[in-house]
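A look at the structure
Each chain is listed here by its residues.
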Amino acid sequence: MNKRKSLLQGLPAALLCLSAAISIYAQNPDEKHNARPQQAVPAPAVAGSNKTDAVRYTYEFSQPKFYVKHIRLEHDANGRGTVTFERLNEDVPVTEPLQLSAEALARIDAAWQGLRFLESGTNYQADKQFPHLGTMKIGMERGDRKRVAEFNWTNNRDAEALVNEYRKAADQVILVFDIAIARENQPLNAPKLMETMELMLKRNGLSDPRQLLKLLQDLSTDEHVPLIARNHALRLIKQIEK
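These notes cover the structure that comes with them.

Conventions adopted
- Residues numbered from 1 in each chain as written.
- Predicted model: local features only at pLDDT ≥ 70, side-chain atom pairs only at ≥ 80, totals over all residues.
- Heavy atoms only, no water.
- Helix = DSSP H or I, 4+ residues; strand = E, 2+ residues; numbered from the N terminus.
- Contact = heavy atoms within 4.5 Å.
- Areas by Shrake-Rupley, 256 points an atom, 1.4 Å probe, with all protein chains shown as cover.
- Salt bridge = Lys/Arg side-chain N within 4 Å of Asp/Glu carboxyl O.
- Pairing = 2+ DSSP bridges.
- Axes fitted to C-alpha atoms, helices over the stretch in contact; angles between N-to-C directions.
- Parallel < 35°, antiparallel > 145°, perpendicular 65-115°, else oblique.
- Left-handed = near helix turned anticlockwise from the far one by under 90°.

What to know about the overall build of the protein
What the protein contains, in helices and strands, is five helices and eight strands. In the protein, the succession of α and β elements from N to C terminus is β-β-β-β-β-β-α-β-β-α-α-α-α. Within the protein, counting contacts between residues at least 6 apart in sequence, those at least 24 apart form 66% of the total. Of the accessible surface of the protein, which amounts to about 11,900 Å², a share of 49% is contributed by carbon and sulfur atoms.

Right under this line is the structure:
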């Protein structure tokens, strides 16, 4: 079975500060992740409609000095795709499956439609520059038509909404990955991860928390993780189901 390696971070409080599309975790790069089987976190069932458009969407974030220094998200018209991310001092990128929920996909579709991206040549970069916060790219490809736009700050409402949604989707995938790593190799990290998830919930930092219910239910009965994490998972389930 193929293994992939990733640094298992200590998940300090900086991961919790996911307040904007151009924000990113500022975590401790000295603690390491362990490898896990690639199939440990399967893609959720498709929640969107059966669209058939041959279209690909991409979102990319990069800031070499950040702990999560590079993220690339891509998906099709049904919201199915992948999230690839790289962490500081990591040799190999990690690629995880992505399935946007119907609700998240609807919000993303609305933003793309507002941009009229392929028909427009709008420059989304604001007059003010914030390169220290990272650079974002959004792209769409349909048939022989392709466009990529790059900016580090934008005043365009639809562009801002789009990168916000993509960042939440990426953050959720990365969180699920870290929980899987903790359950397999570092169960004592589970309580911190539950705290991380709760703060992300409070800050509306997740793409669709309901996609995490099955994971939380499994975690609540996993005797490999501390009881405090199992009980916290049960509380999170109640919060999400409200």
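Alright, that's what it looks like, and here's the rest.
Quick notes on the pattern of salt bridges
Should the charged atoms of two oppositely charged side chains come close, the side chains can pair. Under the defined criterion, the tally for this structure stands at 13 salt bridges. For the salt bridge of E150 with K137, the shortest nitrogen-to-oxygen distance reads 3.9 Å. Of the two residues, E150 is situated in strand β8 (residues 145-151) and K137 in strand β7 (residues 135-142); the sequence distance between them amounts to 13 residues. With its nearest N and O atoms 2.8 Å apart, the salt bridge here joins D218 to K214. Of this pair, D218 and K214 both sit in helix α4 (residues 213-220), four residues apart, which is roughly one turn of the helix.

Here's the deal with the pairing of β7
Regular strands place side chains that alternate from one sheet face to the opposite one. Note that strand β3 (residues 55-62) and β7 share eight bridges and pair antiparallel. When the sheet's bridge partners are listed, F61 is paired in β7 with M136. Two strands pair when backbone bridges link them, and β7 and β8 are joined in this way by seven bridges, in the antiparallel orientation. By the bridge assignment for β8, G139 is matched with V148.

Describing the packing of helix α2 (residues 157-185) against helix α3 (residues 190-202)
Taken N-terminus to C-terminus, the directions of α2 and α3 make an angle of 165°; their axes are 10 Å apart at the nearest point. In terms of axis orientation, α2 runs roughly antiparallel to α3. Along this stretch, α2 crosses α3, giving a crossing that reads as left-handed. Across the interface between the two elements, D171, L175, D178, I179 and A182 from α2 touch A190, L193, M194, T196, M197 and M200 from α3.

With respect to the sheet that holds β7
The pairing of strands in a sheet comes from backbone hydrogen bonds and takes either a parallel or an antiparallel form. In space, the six strands of this open sheet follow the order β6-β5-β4-β3-β7-β8, with antiparallel pairing throughout. Of all the strands in the sheet, just β6 (94-99) and β8 have a single pairing partner and so form its edges. Neighbouring strand axes in the sheet, compared pairwise and without regard to direction, differ in orientation by 15° on average. Relative to strand β4 (residues 68-75), β3 runs antiparallel, the two sharing six bridges. What sits directly across from S62, in β4, is H70. Packed onto the sheet, helix α1 (residues 102-115) meets β3, β4 and β7 and runs at close to 85° relative to β7. Across the sheet, α2 touches β3, β4, β5 (80-87), β6, β7 and β8, and the angle it forms with β4 is around 105°.

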